[in-house]
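# Fold and geometry: a report
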Amino acid sequence: MRFLRKYAFWLLLSCLGAGLVGAPSAQTARTRLADGFDQPVGKPDAEGYYTSRRFRPGYHMGEDWNGDSGGNTDLGKPVYSTANGLVVLARDMRMGWGNLVIIRHTFLEDKQMKTVDSVYAHLDKITVRENQQIVRGQQVGTIGTAHGLYPAHLHFEIRKNIYIGYNQRGFGKDYSNYFSPGAFIAPRRKLSGTGRSALVAVNTFNLEGQGAPPGEDPTQRALNKFTAPPASPLQAPAKKTGVFRVNRFDDL
Ligand SMILES: [Zn+2]
């Protein structure tokens, strides 16, 4: 009898263990696969808009979109999510960013799951919230000036590295961490995977100005993240402290 009780105990323990291993981590969230990527303004093809500054490694890690009519005529015009995804940041980061939205996208390509972040900066208004599920073409905000810092335009990035967040310090400003947005979108207007969903890593950056979870090596992460999600759970993001460090005030 004593033996049986002992056996039952171990059986129960192994069941619990299996349950824990099989359960999704709190550091992941389910999101709908991207079934294609569109331009973030004048949807879906940026009709009525032009890029005033292009992607340039080392200098400008995204594209600046302006309305064809020039000046601030595009102020308050809608900005759309490039693809289905999950909002991982939607808040006023002030300094060089202004109102900032980051959306995480996962998609199937060459039979592999891949993940990228899209970045929408200097917004006049944010119309989404963090952890919200987004579909391609859904409005995320409006074109703004980063609180009067620049003439109105959208700064738009596509990042390979989902550990950057709002602080780019410590991450190489090159193709190991970023895509040229136009070059990324053009061959990915339509992707397979419609209606399917997948788990993506969340909490991959904190909001304390570190740009990566404490103890993480951003360079090493940068080498792995595009095709391989992190194997171990990341630390929970640190509490927001109100300390913002941005390298410079010119356009990011
Ligand atoms: Zn820019």
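Now for a description of the structure that goes with this document. Just so we're clear, the structure is a prediction, and the values are computed from it rather than from any experiment. Here, residues in each chain are numbered from 1, in the same order as that chain's written sequence. Per-residue local features are limited, in this predicted model, to residues with pLDDT of at least 70; the limit for side-chain atom pairs, both in listing and counting, is 80 or more; totals at the level of whole chains, interfaces and linings are taken over all residues. The side-chain values count all of the structure's non-hydrogen atoms but skip hydrogen atoms and water molecules.

### Quick look at the overall build of the protein chain
- Only DSSP runs of H or I reaching four residues or more are called helices, and only runs of E reaching two or more are called strands; each is numbered from the N terminus. The helix and strand inventory of the protein chain stands at four helices and 13 strands.
- Only protein chains enter the calculation, and the probe is 1.4 Å; a residue is then buried if its accessible area is under 20% of its type maximum, exposed if over 50%, and partly exposed in between. Within the protein chain, buried positions represent 50% of all 252 residues.
- Contact definition: two residues touch when any of their heavy atoms are within 4.5 Å. Pairs at least 24 residues apart make up 70% of the contacts formed inside the protein chain by residues separated by at least 6 positions.
- Carbon and sulfur atoms form 55% of the exposed surface of the protein chain, whose accessible area is close to 12400 Å². Here, Shrake-Rupley sampling with a 1.4 Å probe gives the accessible areas, and only protein chains in the shown set may cover a residue.

### Focus: the side chain of Gln27
- With respect to the helices and strands, the residue Gln27 is situated in the loop between helix H1 (2-22) and strand E1 (28-32).
- On the basis of relative accessibility, which here comes to 14%, the residue Gln27 falls in the buried class.
- We call two N or O atoms a polar contact when they sit within 3.5 Å, provided that within protein one can donate a hydrogen and the other can accept it, with sequence-adjacent residues counted only if both atoms are side-chain atoms. Reaching out from Gln27, the side chain makes a polar contact with the side chain of Asn203 at a distance of 3.2 Å.

### Section: the packing of aromatic side chains
- To pair, rings of Phe, Tyr and Trp, with the six-membered ring standing in for Trp, must have centres within 6.5 Å; the planes then decide the type, stacked if under 30 degrees apart, edge-to-face if over 60, and tilted in the middle. Taken as a whole and judged by the stated rule, the model has six aromatic pairs.
- Plain terms: the ring middles of Phe55 and Tyr175 are 5.3 Å apart, the flat faces sit at 50° to each other, and that makes the pair tilted. One end of the pair, Phe55, is in the loop between strand E2 (49-53) and strand E3 (63-67); the other, Tyr175, is in the loop between strand E11 (154-159) and strand E12 (178-179), with 120 residues separating them in the sequence.
- Judged by its relative accessible area of 10%, Phe55 falls in the buried class.
- By the ring-pair criterion, three or more aromatic residues cluster together here, those being Phe37, Phe107, Phe179 and Phe184.
- Positioned above the aromatic ring of Tyr59 is the side chain of Arg56, whose terminal nitrogen or guanidinium carbon lies 4.1 Å from the ring centre. Only Lys NZ and Arg CZ are tested; either one counts as a charge over a ring when it is within 6 Å of the ring centre and within 35 degrees of the ring normal.

### Describing the pattern of salt bridges
- Only one rule defines a salt bridge in this text: a Lys or Arg side-chain nitrogen within 4 Å of an Asp or Glu carboxyl oxygen. A complete count under the given rule lists eleven salt bridges for this structure.
- A salt bridge links Arg91 to Glu130, with the shortest nitrogen-to-oxygen separation between them at 2.8 Å. Highlighted residues: Arg91 in strand E5 (residues 85-92) and Glu130 in the loop between strand E8 (125-126) and strand E9 (133-134), separated in sequence by 39 residues.
- The network of salt bridges with shared partners includes Asp35, Asp38, Asp45, Arg136 and Arg189.

### Brief notes about the nonpolar core
- Nine residue types can take part in a nonpolar core, namely buried Ala, Val, Leu, Ile, Met, Phe, Trp, Tyr and Cys, and a core is a set of them joined through side-chain atoms within 4.5 Å. Counting residues in each nonpolar core, the largest one holds 28 residues, and the members touching the most others are Phe37, Val101, Tyr120, Leu154 and Phe184.
- Breaking this core down by element, the ones donating at least two residues are E5, strand E6 (99-109), strand E7 (112-123), E11 and helix H3 (181-185).
- Contact partners of Phe184, with chain neighbours within four places excluded, come to Phe37, Phe107, Val116, Ile158 and Phe179.
- If you look at the next biggest cluster of nonpolar residues, it comprises eleven residues, including Val88, Leu89, Ile102 and Tyr166.

### Some points on unusual backbone geometry
- A cis amide bond links Lys43 to the next residue, Pro44, at an omega of 0°.
- When you line up the elements, Pro44 lands in helix H2 (residues 42-46).
- Phi is positive for Asn131, close to 75°, though the residue is something other than glycine.
- In the Ramachandran plot, His147 falls in the positive-phi region, its phi being about 60° despite a non-glycine side chain.
- Tracing the chain through its elements places His147 in the loop between strand E10 (139-142) and E11.

### A closer look at the sheet that holds E10
- Strand order in the open sheet formed by three strands is E4-E10-E8, and the pairing between neighbours is antiparallel. One side of each edge strand has no neighbouring strand; the edge strands of this open sheet are strand E4 (78-80) and E8.
- Pairing of E4 with E10, which is carried by three bridges, proceeds in the antiparallel orientation. Looking at E10, one finds that Tyr80 is bridged to Gln139. By definition, two strands form a pair when at least two bridges between them are found by DSSP.

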